[in-house]
Amino acid sequence: MNHFMILAVLLPLGTCYTSYSQQESVVFPVTYLNISKDLDLQRLLVEWDVVKSAHDAELAMSFEIQVRRTDEATTVWTEFHNVTLDKLRKPLHWTWDSDIPLECMSHAVRIRSKAEASKIWSKWSLWETVPGLDNSNRSGPQIFPKEKFLAEGSDITLCCIGGKGQTIKEFSVYPTVDVLKHTNSQVRLLTVENLSHDKGSNIHFYCYDENGQLHQAAFFVGKPPDTPKDFSCHTQDMKRVTCTWREAETYLYGRNSPRYTLSKTSSPKIALCKASCSKQCSCSWDIGHQRIWNVTVTVENPLGKKTATHVFDVNHRMYPTAPFQVWEDCTDTEITLHWNYENSGIELFCQTEVLQPDGKVELCSCVFQHNSSVADSRRVTVRGLQPYTEYRARVRCGAAEHFWRWSEWSQPLTARTKEGTPSGKLDIWREITPVLGGRTVTLFWKQTPSFQANGKIISYEVTWKKIEDGSKPESISFSSVYNSTRIFIDNHSYRISIMAKNNVNFSLPSVLIISRATNNSTEELKEGQVNGTDDGIFISWEPRSIYDSYIIDWCNFPRLQPCDLQWKRFAPNTSSAVISSGESQTNILSDCAAVLQAMVAFVPGVRYKFCIYGSIANRASLLEKKIGYLRELPPRLDPIVRKVDLNYNSVTLSWDSYLTNESEPGFVRGYHVYVSPVQGNCNLKGSKKHILSDESELCKYTIENPEEKRYTVKHLMPNTKYKIVVKAFTGGGETPITDFRYIDTPCNSNILYFVFLVVIVPTLVAAICHWKMKWVKECCCPAIPSPNKSKVLSFKEFKIDSEKVMKINDCLPDVLATDSDAEVQKLRPVTWSSLSSISSEDKIDGHNSSWIYPSENVVRDFPPTPTHQTHTCFENFAYSSPLEAESDPYHIPETLEAGRTNQAVMLYQPQCYLDIFHEDAASTAREIAERKNSLRYISQTDIRCLGERL
């Protein structure tokens, strides 16, 4: 039992192993291969089969398919195709889309196979070729593909095949686009990428062979149709349905334009209607008794086809026709509109639109019941309108039940309400001029935004009455073309009223009180200055609590008569305003308001005068006066310089007072004085630099007082030519500098005096001194005698080098100088030149001394004396020498030895003498010997050499 079970299990396993082993080692080659082509789709159709055993085994097979072209050595396409075979032995199929037209050249296909469980491929099948037209017998060149329509944005490759045995010479396209060319001798390929209609919806290709034969082809570039947009259907009379949609651009026109077909979705081949397209596409058909519809619109052109489907209930797609024959009935505040419309058998909901003159729109809606008449009349009344006002009205309707869409508007109707009593009051003002016996009052009036004429104004009525005595009023009527009048009144108070009248009634009166004239002369109000802005002229005033309003008046043309007086009222809590000329004219002539406002606009450079009034109970009082410009301009004229006072370093300019009347284009704020030397730039102290248009430089001085008429320019250079000009300036600046006045500064006389003192006088003195040179020399520099010319030095036996030497005993000293020992010790090591500052001087007589003490060892006794004794000792380097020291019996040995040792320091020892002729000369020889070193003799002839001999 167990053995049979084991055999039963092993037998199937062995069979499976045998089969699997066979699959691994057995190949299943392709036994059948066939190729065809679909030229419309430019597609290769491949069909093949394998041996029967593979089908019987239901093997999973892999096939490698290769495609090549006859003129190319390499394979152009390789693809693996996996399939599981079945026992029905159906052939296998595969398709390949060519990137070039199949007509251009022959294509070949081969296939090999293997079981998926195997690693061994079968042998390749033979190449199966589908021929192209490159091998056909043709008489001339041809272009492929043949289709004439190309999709925008796509790429296309075309080929031109020459005739049999002929080569292609040229293959081109127009208009010129970027192309890729592939050529051989007989077939030329041309690839155009990203086709576009920008250069035209038609593209032409031209092909020439070597014989000059031409073949051309035209292609249309466009877009495939898009799905219809805004596809919807409606009815206007519940009998016929119209479907509409929006057409998309395809760039294909004429017979190639999109074709639309509308049909039931359930019967697409049966068209309900033929569509027509202008601004939008539409298609209509009779609906009979059917209310629910499912329709499809199909759009197609040579490049493709699209569809759109719409399902609707006719009862919910009611789109009424527009009302017609609209007319009106009017009162002064109401308009009743009437209209007709085609009866659709349903209840309608209608809406009336009334356009008011100010642009506001008023809508009025109402519901109308259905009746059996073919053409029914409906009406609606619009209330609350303004009298004598023009309105534009129109009507539209929609289904009251299952509202879907409004109908189109009816043709607009223009209607005017009837006249009514004027509402509001006129705005009035006056101008009072004193005359002999009274006053002339010029009255002005205008319509304000609060005034409603409610009709056509035909006249104005002016009434005036004296207030004090209750006299009968006077009145006068004027045509509507007037807006001012002039009346004469005396010096009493008057009440003046003005009313407007239309064809219905008068308006409410506007009242003005003219106060009694007084003889009290009041001080003239000072005129304040105001400034212009981008929007007008800004005016401010001091508010007073007693007034209920303020009025400002001015003239639009202050230089003309009449000046076109204007005025404007302000609330009591207002204290400033921006006045724009022409703003009060907009109600006078509405059709010409814009033109009039442009004509009376404030002009730059024109001075305007504003009067500010406070009003209480219709009685006005003048409060302030203002003058100003919209924008100041430079002065027309420059100040006239009448006087020029010149100095060597300054100039004083004087000019006439500048005219500041109403004709001036601005308020004169001051003056500028410009100065510059004719040669070079200006850098005067206290000035600012000013650069002209020609880049020349001026010095600028500013005078901010317009009343100033004199100015002095300082720090000028003498004897220099300057150019100078005086300019007045306003808030608008000054005129360009064109003309200069030239001045020449005189020379500086102080400099001449200084030159005279410094140059001329010393020159004269020097000349005189040179003329009297000998006399000057004798007076200032007397001659100094030379010791070489003295008779004392006539001997020849004493010389040092080349100089003669005089002995001490051969002459008498001229000066005796006494120094203390301390001074001597301090001066000796430094310099002997300090001997000139001697402490005391004593002169000796011209007598010869009879007492000479040659040695300090010789001591003599003298009689004592009570008087002070003077001992003198002198030395003279010129008289000392080693020779003299040796031959002199009076020199001491120590001194001689010292002289030999250091001749540069001390050439001889001082000799001591006793002046016996002096009254204080009595002294002992010992005292003389003790003080011999404290007395020195300085020679007059050789004192200049002391420093050198030291």
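Here, the structure is the one placed above.
Residues numbered from 1 in each chain as written. Predicted model: local features only at pLDDT ≥ 70, side-chain atom pairs only at ≥ 80, totals over all residues. Heavy atoms only, no water.

Engineer: Account for the overall build of the chain, with residues named and values stated.
Structural biologist: The secondary structure content of the chain amounts to ten helices and 60 strands. Burial analysis of the chain (950 residues in total) assigns 39% to the buried set. Considering only residue pairs separated by 6 or more positions, the chain has 64% of its internal contacts joining residues 24 or more positions apart. Summing over all exposed atoms, the chain offers an accessible surface of approximately 55,100 Å²; the carbon and sulfur share of this is 52%. (Helix = DSSP H or I, 4+ residues; strand = E, 2+ residues; numbered from the N terminus. Buried < 20%, exposed > 50% of the residue type's maximum accessible area, 1.4 Å probe, protein only. Contact = heavy atoms within 4.5 Å. Areas by Shrake-Rupley, 256 points an atom, 1.4 Å probe, with all protein chains shown as cover.)

Engineer: Help me get a handle on the packing of aromatic side chains, residues and values and all.
Structural biologist: Inspection of the entire model under this criterion finds 24 aromatic pairs. Between W445 and F478 the ring centres are 6.1 Å apart and the planes differ by 40 degrees, which places this aromatic pair in the tilted class. Taken together, the positions of W445 in strand β32 (residues 438–446) and F478 in strand β34 (residues 474–479) put the pair 33 residues apart, joining distant regions of the chain. A single burial state applies to W445 and to F478, both of which are buried. Among the aromatic residues, those joined into a cluster by ring pairs are W541, Y547, Y550 and F570. Note that K446 overlies the ring of W567, its terminal NZ or CZ placed 4.3 Å from the centroid. (Phe/Tyr/Trp six-rings, centres within 6.5 Å; stacked < 30°, edge-to-face > 60°. Lys NZ or Arg CZ within 6 Å of the ring centre and 35° of its normal.)

Engineer: Explain the side chain of S118 to me, using residue names and the numbers behind them.
Structural biologist: Turning to its location among the elements, S118 is positioned in the loop between β6 (107–115) and β7 (128–130). For S118, a relative accessible area of 2% translates into the label buried.

Engineer: Go over the state of the cysteines with me, naming the residues and quoting the values.
Structural biologist: Applying the stated rule across the entire model yields eight disulfides. Put simply, C160 and C207 are joined by a disulfide, and their sulfur atoms are 1.6 Å apart. On the sign convention where negative means left-handed, the S-S torsion of about -85 degrees between C160 and C207 marks this disulfide as left-handed. A residue pair is termed long-range when its members are at least 10 positions apart, and C160 in strand β10 (residues 156–161) and C207 in strand β14 (residues 202–209) qualify at 47 residues. With a relative accessible area of 0%, C160 lands in the buried category. The exposure class assigned to C207 is buried, which follows from its relative accessible area of 0%. Disulfide partner of C273: C283, at an S-S distance of 1.4 Å. Where C273 bonds to C283 through sulfur, the torsion about that S-S bond is close to 135 degrees, and the disulfide is right-handed. One end of the pair, C273, is in strand β19 (residues 267–274); the other, C283, is in strand β21 (residues 281–286), and ten residues separate them in sequence. With relative accessibility at 12%, the residue C273 sits in the buried group. Among the residues examined, C283 registers a relative accessible area of 2% and is labelled buried. (Disulfide = S-S within 2.5 Å.)

Engineer: Report on the pattern of salt bridges, specifying residues and quantitative values.
Structural biologist: Evaluation of the coordinates by the stated rule reveals 21 salt bridges. Its salt-bridge partner being E353, residue R394 comes within 2.7 Å of it at the nearest N-O pair. One end of the pair, R394, is in strand β29 (residues 390–399); the other, E353, is in strand β26 (residues 348–355), with 41 residues separating them in the sequence. A relative accessible area of 28% means that R394 is categorised as partly exposed. Looking at E353, the relative accessible area reads 16%, which means it is buried. A salt bridge links K626 to E624; the shortest N-O distance between them is 3.3 Å. Since its relative accessible area comes to 14%, K626 is described here as buried. Here E624 falls in the buried class, since its relative accessible area comes to 15%. (Salt bridge = Lys/Arg side-chain N within 4 Å of Asp/Glu carboxyl O.)

Engineer: How would you sum up the sheet that holds strand β22 (residues 292–301)? Please name residues and give values.
Structural biologist: One open sheet holds the four strands; their spatial order is β19-β18-β22-β23, and the pairing between them is antiparallel. Each edge of the sheet is formed by a strand with only one pairing partner; in this case those strands are β19 and β23 (304–313). In this sheet, adjacent strand axes meet at a mean angle of 35 degrees when their direction is disregarded. (Pairing = 2+ DSSP bridges. Axes fitted to C-alpha atoms, helices over the stretch in contact; angles between N-to-C directions.)

Engineer: Go over the sheet that holds strand β35 (residues 484–489), please, and point to the residues and values.
Structural biologist: With antiparallel pairing, three strands are arranged side by side in an open sheet as β31-β32-β35. Each edge of the sheet is formed by a strand with only one pairing partner; in this case those strands are β31 (427–435) and β35. Averaged over neighbouring strand pairs, the angle between their axes works out to 20 degrees when direction is ignored. Direction of pairing for β32 relative to β35: antiparallel, over a ladder of six bridges. Its bridge partner being in β35, T442 is matched across the sheet by R486.

Engineer: I'd like a rundown of unusual backbone geometry, residues and numbers included.
Structural biologist: F144 connects to P145 through a cis peptide bond whose omega is 5 degrees. For P145, the position within the fold is in the loop between β8 (142–144) and β9 (149–151). Cis rather than trans, the peptide bond between Q561 and P562 has omega equal to -5 degrees. Inspection of the secondary structure puts P562 in the loop between β40 (549–555) and β41 (565–570). Positive phi is not limited to glycine here, since E58 has a value of about 50 degrees. Looking at the secondary structure, you find E58 in the loop between α2 (52–56) and β3 (60–69). The residue D230 is not glycine, and still its phi comes out positive at about 50 degrees. Counting through the fold element by element, D230 comes out in strand β16 (residues 229–235). Classification of D230 as exposed rests on a relative accessible area of 56%.

Engineer: Describe in detail the environment of S510, supporting the description with residues and values.
Structural biologist: Within the element layout of this structure, S510 appears in strand β37 (residues 510–514). Of the residues examined, S510 reaches a relative accessible area of 5% and is grouped as buried. In sequence terms S510 and D427 are 83 residues apart; their C-alpha atoms lie 7.0 Å from each other. If we ignore the near neighbours within four places in the chain, the residues touching S510 are K425, L426, I428, I496, S497 and I498. Within the local environment of S510, its side chain forms a polar contact with the backbone oxygen of L426, the two atoms lying 2.5 Å apart. (Polar contact = N/O pair within 3.5 Å; in protein donor to acceptor, adjacent residues only side chain to side chain.)

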